[in-house]
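# Close look at the chain arrangement
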Amino acid sequence: MSKLQIHQFEALSDNYGYLVHDPESGSTAAIDTPEVSAIEAALAEKGWTLTHIFNTHHHADHAGGNLALKEKYGCIIVGPKGEEKLIPGIDRAVGQDDIVELGFAKARVIDVPGHTRGHIAYYFGDDDVVFVGDTLFALGCGRLFEGTPQQMWTSLSKLMALPDDTTVYCAHEYTQSNARFALSVEPHNAALIARSKDIDEKRARGAWTVPTSIGLEKATNPFLRAASNDLRATIGLVGAADVDVFAETRARKDKF
Ligand code: ZN
Ligand code: FE
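Residue indices begin from 1 for each chain and proceed along its sequence in written order. For naming, the first written chain is A and the first written ligand is 1, with later ones following in the order written. At least 70 in pLDDT is required for a residue's local features to be given in this predicted model, at least 80 for side-chain atom pairs to be given and counted, and no such filter applies to totals for whole chains, interfaces and linings, which use all residues. Only heavy atoms go into the side-chain values, all of them from the structure, while hydrogens and water stay out.

### A few points about the domain arrangement of the protein chain
- A domain assignment, automatic or from a database, supplies the domain bounds used here. Domain parsing of the protein chain yields domain 1 (5-170) and domain 2 (175-255).
- Of note, the centres of domain 1 and domain 2, computed from C-alpha atoms alone, are 24 Å apart.
- Each partner contributes residues to the interface: domain 1 has 29 residues there, and domain 2 has 28 residues.
- Between domain 1 and domain 2, a total of about 2,500 Å² is buried, with carbon and sulfur atoms accounting for 69% of that surface.
- A simple way to read buried area is as the amount of 1.4 Å-probe accessible surface that goes missing from two parts once joined, with both sides added. In terms of surface lost to domain 2, no three residues of domain 1 exceed Ala 138, Leu 139 and Trp 153, which account for 32% of the buried area on that side.
- Definition used for salt bridges: Asp or Glu carboxyl oxygen within 4 Å of a side-chain nitrogen of Lys or Arg. If you look at where domain 1 meets domain 2, you find two salt bridges.
- Two N or O atoms form a polar contact when they lie within 3.5 Å of each other; inside protein one atom must be a possible hydrogen donor and the other a possible acceptor, and for residues adjacent in sequence the pair counts only when both atoms belong to side chains. On the surface where domain 1 and domain 2 come into contact, there are 13 residue pairs in polar contact (both at pLDDT 80 or more).
- At the level of elements, β1 (5-11), β2 (15-22), β11 (136-137), β12 (140-141), α4 (149-160) and β13 (167-170) are the ones that each hand at least two residues to the side of domain 1 that touches domain 2.
- Think of it as three bins: nonpolar holds Ala, Val, Leu, Ile, Met, Phe, Trp, Tyr, Cys and Pro, charged holds Asp, Glu, Lys and Arg, and polar takes everything else, Gly as well. Classifying every residue of the side of domain 1 that touches domain 2 by side-chain character gives 20 nonpolar, six polar and three charged. Residue contacts are counted whenever heavy atoms from the two residues lie within 4.5 Å of one another. Counting from the N terminus, the helices are DSSP H or I runs at least four residues long and the strands are E runs at least two residues long.

### Observations regarding helix α1 (residues 36-46)
- Only protein chains enter the accessibility calculation, which uses a 1.4 Å probe; a residue is then buried when its area is under 20% of its type maximum, exposed when over 50%, and partly exposed in between. For α1, every residue scored as buried is listed here: Ala 38, Ile 39, Ala 42 and Leu 43. Here the buried residues of α1 occupy an arc of 135° about the axis, which is enough to place them on one side. Exposed residues on α1 whose side chains face more than 90 degrees from its buried face are Ala 44 and Glu 45.
- Backbone geometry just after α1 places Gly 47 at a positive phi near 75°. The arc in question is formed by the directions pointing from the helix axis toward the C-beta atoms.

### Quick look at the sheet that holds strand β3 (residues 27-31)
- Overall, mixed pairing links the six strands, which are arranged β1-β2-β3-β4-β5-β6 in an open sheet. Among the strands making up the open sheet, the edge pair consists of β1 and β6 (92-94). Adjacent strand axes in the sheet meet at a mean angle of 20°, parallel and antiparallel pairs treated alike. Think of it this way: DSSP has to see at least two bridges between two strands before they count as a pair. The convention used is that axes are lines fitted to C-alpha atoms, helices contributing only their stretch in contact, and that angles between N-to-C directions extend from 0 to 180 degrees.

### Remarks on the coordination of the zinc ion (ligand 1)
- Protein coordination at the zinc ion (ligand 1): the donors are His 57 (NE2), His 59 (ND1), His 115 (NE2) and Asp 134 (OD), at 2.2 to 2.3 Å from the metal.
- Counted as donors are the N, O and S atoms within 2.8 Å of the metal, or 3.2 Å for Na, K and Ca, while water is not among the atoms, so some sites may look incomplete. A four-donor site is classed as tetrahedral when every donor-metal-donor angle falls between 85 and 135 degrees; four donors are called square planar, and six octahedral, when trans pairs exceed 155 degrees and all remaining angles lie between 65 and 115, with any other arrangement labelled irregular. For the zinc ion (ligand 1), the four donor atoms in the first shell make angles of 86 to 172° at the metal, a pattern classed as irregular.
- The sequence motif formed by the donor residues of the zinc ion (ligand 1) is H-x1-H-x55-H-x18-D.
- Between the two metals, the zinc ion (ligand 1) and the iron ion (ligand 2), the spacing is 3.3 Å, and Asp 134 donates to both. Remark: His 115 occurs in the loop between β8 (105-111) and β9 (120-124) and His 59 occurs in the loop between β4 (52-54) and α2 (60-63); sequence separation between them is 56 residues.

Here's what the structure looks like:
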């Protein structure tokens, strides 16, 4: 039913900021607060007034602008239950399957720990969009700062279970370097080879590679491809459990 309007913009050196607007009610949420000036410029450009902040996790490039924006707009701040004490100005802490309302639009919260202990994603099912913060990137996934490979694999598996045509809004433009790693561990994946060329072409003219989709990530993102024989053969884990293939892939990326 809902017809959300989503405005994407660059923030800091490689973050993306997002404003989500429900035209029926006039409500507008910032997904994370990477940079106050960039968010204010985006609000001015669209002519929207900030009513909510939806935080995915506590890192400074995601919640660092909370207090300044709350002071100016009096907006309501929603954030992860597992990081309640670390989210500046939080009004409501949410976790798995909680419903977050933005006017007439509704997001279901998905717990996706791994990058941080309490990381959450916001899934607007009526609009087929998910905001994943630093959990899933185009051809990548977040570093495991506070969680285990098993936690992250479980989190990514939840995102993989969303419909393939779900649009995925992640928080950073890391795609081109992610593609180099992806090709190193799955060199014979034709879809990945084609996508990598497309990414190089896009970046050469300064275009964004985000958003992506669940279907495209399942076909090309090595962190979602633990079942791939090409990946398994390359990293020497042909008969291993999916979680161990994921863990080894993540460990290799950390050293790449
Ligand atoms: Zn982060
Ligand atoms: Fe980040």
